[in-house]
Every structure is written in C-alpha cells, then in structure tokens.
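Given next are the chains, with one letter for each unit.
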Amino acid sequence: HTHTHTHTHTPVSLHFLGPSHSRMDDEVKEALRALSDLNDKVDKIEEFMEVLLSKSRKDLSEKLEPTECATMDWSLAYALNSLFHMHLKTQGVPTKDHPVKEELKRIKGYVKKIEDAKKGPEENKRTSRIDKGAAHRMILAGVGHKRKKKD
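Scope of this entry: the structure provided in the associated data block. (Residues numbered from 1 in each chain as written. Predicted model: local features only at pLDDT ≥ 70, side-chain atom pairs only at ≥ 80, totals over all residues. Heavy atoms only, no water.)

A short note on the pattern of salt bridges
Rules: Whenever a carboxyl oxygen of Asp or Glu lies within 4 Å of a side-chain nitrogen of Lys or Arg, that contact is scored as a salt bridge. Counting from the N terminus, the helices are DSSP H or I runs at least four residues long and the strands are E runs at least two residues long. Relative accessibility decides the category of a residue: with a 1.4 Å probe and only protein chains considered, values under 20% of the type maximum give buried, values over 50% give exposed, and everything between is partly exposed.
One pass over the structure, following the stated rule, counts seven salt bridges. Of the charged contacts, one joins Asp37 and Lys41 as a salt bridge, the two residues approaching to 3.3 Å between their closest N and O atoms. In this pair, Asp37 and Lys41 are both assigned in helix α1 (residues 22–53), four residues apart and thus about one turn of the helix distant. On the basis of relative accessibility, which here comes to 38%, the residue Asp37 falls in the partly exposed class.

Structure (structure tokens):
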C-alpha cells in the first residue's frame, strides 16, 4: 500500500509576547525550522522504505554483488536500530546503557568489515604495511633464537 504524507508548515507568530521576547522568538523560529527539517527527512525515509518494502529481499539482491547485499542488509539493520534509538529518546527513555547502543556499535563494526572487503586485497595491503625487518627481529626474539658462534 502506498502511504504518502503531505505536511504544510504554518508559520507561528509570537507577537503576543511583545518586543522583549525577540531572543525567545528567534529560538522558537530556529526550533520550528529544525522540526520542519526533521519532518522533511522523515518523509524521505518513509518514501525510501516504501520503495524498499514494495520488493522482496530476493528481488532486491538478485542484481547486487555480495558486498552490496551485505551493505544493504547492514544499512537496514543500522537504520532500524537508529530509528528505534531515536524513538526511545523521544519517549524520554535513557539510552546511555540501553542494549540498542551496543547493537549500533556492533553494526558499525560489520560495516567497517564490509568497507574493507570492498577495497579488495591490494588496497588493504597498502593500508597495512609491515616492517618486515622489525617483524623478523620480533619473531627471532620470541623464539629465543641465538646465533651459533663459529670456532
């Protein structure tokens, strides 16, 4: 089913507060602008989700590479957990120690792994260079290797 939202934003006048409340008027206007911006972003999320939910996961993933499928799955997981986190915040639920925070952290870890996989082995080699000489010395020291003295 198609679900569309049309929001009209009516400017709020605070003239009844008088001229001494101009700072508060500016703060309220800024809050209303932020709320309007949030509303627009929620509308975009709803539009995206409608498109996404109108197709099966199989249909969506048929045309994607494995890393793209993983990105889609983890992006959805992150989006859903983020929305749940925002919902909790709007309800006044403390989220500092809530399990959703740990879940978001876990998902970020997987997203990093996916990004590394997308880079491919050559890029990962360049970003993780090893000082072979230092590694050799550490290995020799670790196994207690001593040079034999020549007689």
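Resuming the write-up.
So, the environment of Val111
Structurally, Val111 can be placed in helix α4 (residues 99–127). Judged by relative accessible area, which is 31%, Val111 ranks as partly exposed. Between the alpha carbons of Val111 and Ser75 there is a distance of 8.0 Å; along the sequence they are 36 residues apart.

Regarding a nonpolar patch on the surface
Selection criterion: Residues form patches when they are more than 30% accessible in relative terms and have no salt bridge. Like charges link within 9 Å. Nonpolar side chains (Val, Leu, Ile, Met, Phe, Trp, Tyr) link within 5 Å. In this description, accessible areas are obtained by the Shrake-Rupley approach with a 1.4 Å probe, and a residue is regarded as covered only by the protein chains that are shown.
A cluster of nonpolar side chains, contributed by Leu32, Leu35, Leu38 and Val42, occupies part of the molecular surface with about 330 Å² of accessible area. Along the chain, the position of Leu38 falls in helix α1. Residue class for Leu38 comes out partly exposed when judged on its relative accessible area of 46%.

Side note on the environment of Leu88
Operational definition: Between two residues, a contact is recorded if the distance between any of their heavy atoms is within 4.5 Å.
Relative to the assigned elements, Leu88 resides in helix α3 (residues 66–90). Residue classification places Leu88 among the buried residues on the basis of a relative accessible area of 8%. Along the sequence, Leu88 and His98 sit 10 residues apart, while their C-alpha atoms lie 9.5 Å from each other. Once you skip the residues sitting within four places of it in the chain, Leu88 turns out to touch Val93, Thr95, His98 and Val100.

Overview of the side chain of Thr95
Its location among the elements puts Thr95 in the loop between α3 and α4. Residue classification places Thr95 among the buried residues on the basis of a relative accessible area of 5%. If we skip the residues at most four places from it in the chain, Thr95 touches His85, Leu88, Lys89 and Lys101.

Re α1
Here is the rule: By this rule, a helix spans an expected 1.5 Å times one less than how many residues it contains.
Relative to the 46 Å expected for 32 residues at 1.5 Å per residue, α1 spans 46 Å between its end C-alpha atoms, a close match to the ideal helical length. Among the residues of α1, those classed as buried are Asp25, Ser36, Asn39, Asp43 and Leu52. Summarising the contacts, the buried residues of α1 are in contact with α2 (57–61) and α3.

Digging into α3
Helix length check: α3, at 25 residues, gives a terminal C-alpha distance of 36 Å against a target of 36 Å (1.5 Å per residue), a fit within 8%. Just past α3, the residue Gly92 takes up positive phi, approximately 80 degrees.

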